[in-house]
Structures are given as structure tokens and as C-alpha cells.
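Secondary and tertiary structure notes
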Amino acid sequence: MPNSINERIKNRRKELNMSQTDLANQVGLKPPAISQYESGARRPSYEALRKLSFALKVSTEYLVSGLTKDQTQEPLEHNDRVILRIVNSLTQQDKEKLVEYATFLATGRKVKIDTLFETPSEYANYYLEEKIGYHLPIDVYGLAKELGIKVFEDYLDEGEGILIQVDHPIILLDRKITIETRKKFTLATLIGHYILPWHLKSSYISRKYDSEEGKKKNSDVMVFGHSTLLTEEVEGMEASQFAFNILMPQKELKTDFIDKIPKIETLKELAYKKYNVSLFVLLNRLVDFEDEKYAVVQSQNYKIIKRFQGRRNLVSNEKVDDRSKAASFFTNQSVKEEVREGEVPGSCWFTDAKENETVYEQSVYNPALGKVLTLITINKRS
């Protein structure tokens, strides 16, 4: 089967008889971007992969790993077929030993594999059900301890956290990051790198800093690493997916959100008290959970800085639409945290909005960060 993201994008586009221009138009990108993705000259971010997956009618997980596409896979290479036949002849216990040995060959690190899965979400569910239970908020520090991972804090130049994979694994968290929910998500992401058996690098950095940012060790200015939504590294996407699933279990989300229209105040309480995550992380998970119903945007100084879209393509322009509730915070700024909400034209946020279509927008302004976080709820189309 195609063994890289660029091959899977190209092959699937051709299966659908789409040109690069057709695909670019559907996802709100320029044709040269698609060409660069397919040639391997440029890697799509997680945000771009979500757009591509909906346009190509496959899951994001398939584009990342090649595991969940419904169509018949292309033939394996000869060596892969031989290896697969050997693996299929082994008992489950021997398969686990084989993975342990393969990990040792690749890294020199001895690991104990309890059971084997194919996706980050399956590993997260296994640890929730078999190891730590659904006691919310999830104690990721306790999970690290159970796994034998030592967790320390120090001033880091590289990023918000580093996993060093040795016989006695270590995670270092940046002491500059004082927001506990952010630190917790970084820790969960690095644990994901450790747990996923095909993540074989000797070290992983979560939320990397730009070189100048990393030098601000004792600065009063809060330093944040790159958003997990903008990562172009496949293993980074998988580790983030593990973190989402371990911190906000799907069965809990079903209880909290099924047949309900969540309000920002309710979501804040769930984020901080039940899941102990940031509101931004919970909203992203909500989009993942019900991608036909929600989308999330973060903006600052009239500019859109982050998008987390569901099945419909968010506008690609950088400027926040003047008709939106979010824009009102930049023309009439609030001195305290405030929520502004109501029906707005769908074309404020979506490229495929129908004439006279409206969506429900809830925007909350955080004066400490100077940013607006927007949850867009899509009304059912007639």
C-alpha cells in the first residue's frame, strides 16, 4: 500500500478523478500547495490534513497511517509480504515478543509490550480500561509513574517538553510553562510517544520553540511552543491524538454532549473541573467527536491564528469577518473575560455557506492573552 502521506493523497485524488486544482478548491488551498504535498516537497499540517481527508472522503487517520481506508489496498512489497506471513504464523505472545525485539533493534531500548493495537486511540482506550480506569480528571502523572517514566521540570530551550527514551525513560517539562492544563497536555503527548511502539526515536520534543523563544528562560513574557494543530510531523499528530483520547475519553463525551447544544460556560466548567484541560483543547476534542456539527477558530488582533474544522471548510482568509461576534471584540474590546453569542451569517466562517444560511457562534475573549476563542455550531440544513 502507499507508504507515505504524499502517496496516499495523490493516489486517492486520482481514484476520485480529481485534478490538483479541484482538490485545492475544495480545501481552500492553492494548487501549488497540493503539488508540493504530493511530491513530498512540503508536508501538510494536521489542520491541512483534516481538510484534505474530508475532500478525499477518507479519515485523517488513513492519510497519516494508511490503516483505515475502505478501498482495497495496493499490493505489499515482496519483503513486506514475507514478513507479514511470518508474523501471521506466530502466536499472540510471540508477536508481542517480536515487537519488543524490533523496538530493541531500532533503539537499543528494552520495552515490555502488553498488547498490540494499530491506532493511538486504541492504545488510549486500552490504558483507560485496563490500567488507570476512567477516574476523571485523568492523572497523567500517575500514568507516567506506572510506566516507569521519571518526570522532572527544568528550563528548556527546545520546547515545552522532551521525552528521552532510554532504559529508564525521562520526561522534562519546561518550568517556564506555569499553566497546569497546558503542561498536562504536553505530558500526555510525550507519554503517547513512549507508549506507541512504532515511535522509535531516542527523543521527542513536544511543542517546539523557535530559537529565539527558547532563550527567554527567565523572561516575564509567557513563551508558548508551536500549536499541535500546525505540526507537520506524523508522529506528533499521533501523539496528540493519544493525548486527546486519554484526557477526554469518548464515552464521557457521549454522556456530556449527545443531543445537547453546549454553552461556553458549561464547556468551561467541564474543561477545568471534570477533564482538567484548557477550553481550547476541549473544543478541539468536541469537533473531533462531532465533526459535522462544530468548528473552532482562535483569533487575535483581527487575525485568525488557529482553525480546527469539522467536515465543512472554514474560510481561508486571515482576517476575521466584520459580521462575526469575534470581530466585535476587536472593535469594542472588553476589559474582562466575556462571551458574545448569537446567529451570524454562515459565510462569516464557511466557504460553502448557502445563501441566507446562519450558524450559531459563541466567542469568548481572554484579556490576559488578548485572544478570542470561537465555537461555531452548524444548524441542521433543511
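Read on for a plain summary of the structure. (Residues numbered from 1 in each chain as written. Predicted model: local features only at pLDDT ≥ 70, side-chain atom pairs only at ≥ 80, totals over all residues. Heavy atoms only, no water.)

Neighbouring strands of a sheet are bound in pairs by backbone hydrogen bonds; such pairs are parallel or else antiparallel. On the basis of which strands lie adjacent, the open sheet formed by five strands has the order β6-β5-β9-β8-β7 and antiparallel pairing. Because the sheet does not close on itself, it has two edges, and the strands there are β6 (303-308) and β7 (338-345). Strand-to-strand twist of the sheet, defined as the mean angle between neighbouring strand axes without regard to direction, takes the value 25°. Across eight bridges, strand β8 (residues 358-366) lies against strand β9 (residues 371-378) in antiparallel orientation. Looking across to β9, one finds that Tyr360 is bridged to Thr377. (Pairing = 2+ DSSP bridges. Helix = DSSP H or I, 4+ residues; strand = E, 2+ residues; numbered from the N terminus. Axes fitted to C-alpha atoms, helices over the stretch in contact; angles between N-to-C directions.)

At a minimum axis separation of 10 Å, helix α1 (residues 5-15) and helix α4 (residues 46-56) run at an interaxial angle of 30°. Relative to α4, the element α1 is oriented roughly parallel. Between α1 and α4 lies a crossing whose hand is left-handed. The segment α1 lies against α4, with Ile5, Ile9, Arg12 and Arg13 engaging Leu49, Leu52 and Leu56. Each residue belonging to the contact of α1 with α4 can be placed in one class, and the counts come to five nonpolar, no polar and two charged. (Parallel < 35°, antiparallel > 145°, perpendicular 65-115°, else oblique. Left-handed = near helix turned anticlockwise from the far one by under 90°. Contact = heavy atoms within 4.5 Å. Nonpolar A, V, L, I, M, F, W, Y, C, P; charged D, E, K, R; others polar.)

A few words on the sheet that holds strand β4 (residues 203-208). Spatially, β1-β3-β2-β4 is the arrangement adopted by the four strands of the open sheet, whose pairing is mixed. Edge positions in the sheet fall to β1 (150-154) and β4, since each has one partner strand and no second. Sheet twist, expressed as the mean angle between neighbouring strand axes with direction ignored, is 15°. Bridge count between β1 and strand β3 (residues 170-174): five bridges; the pairing is parallel. Looking at β3, one finds that Glu153 is bridged to Leu173.

On to a nonpolar patch on the surface. Taken together, Tyr101, Phe104 and Leu105 make up a surface patch of nonpolar side chains, about 330 Å² in accessible area. Tracing the backbone shows Tyr101 in helix α7 (residues 92-107). (Patch = residues over 30% accessible without salt bridge, like charges linked within 9 Å, V, L, I, M, F, W, Y side chains within 5 Å. Areas by Shrake-Rupley, 256 points an atom, 1.4 Å probe, with all protein chains shown as cover. Salt bridge = Lys/Arg side-chain N within 4 Å of Asp/Glu carboxyl O.)

Residues Leu136 and Pro137 are joined by a peptide bond in cis, for which omega reads -5°. Among the secondary structure elements, Pro137 is positioned in the loop between α8 (120-132) and α9 (140-146). Within the chain, Lys57 stands out as a residue other than glycine whose phi angle is a positive 60°. Considering the arrangement of structural elements, one finds Lys57 in the loop between α4 and α5 (60-65). A positive phi is found at Asn356, a non-glycine position, where the angle reads about 70°. Looking at the secondary structure, you find Asn356 in the loop between β7 and β8.

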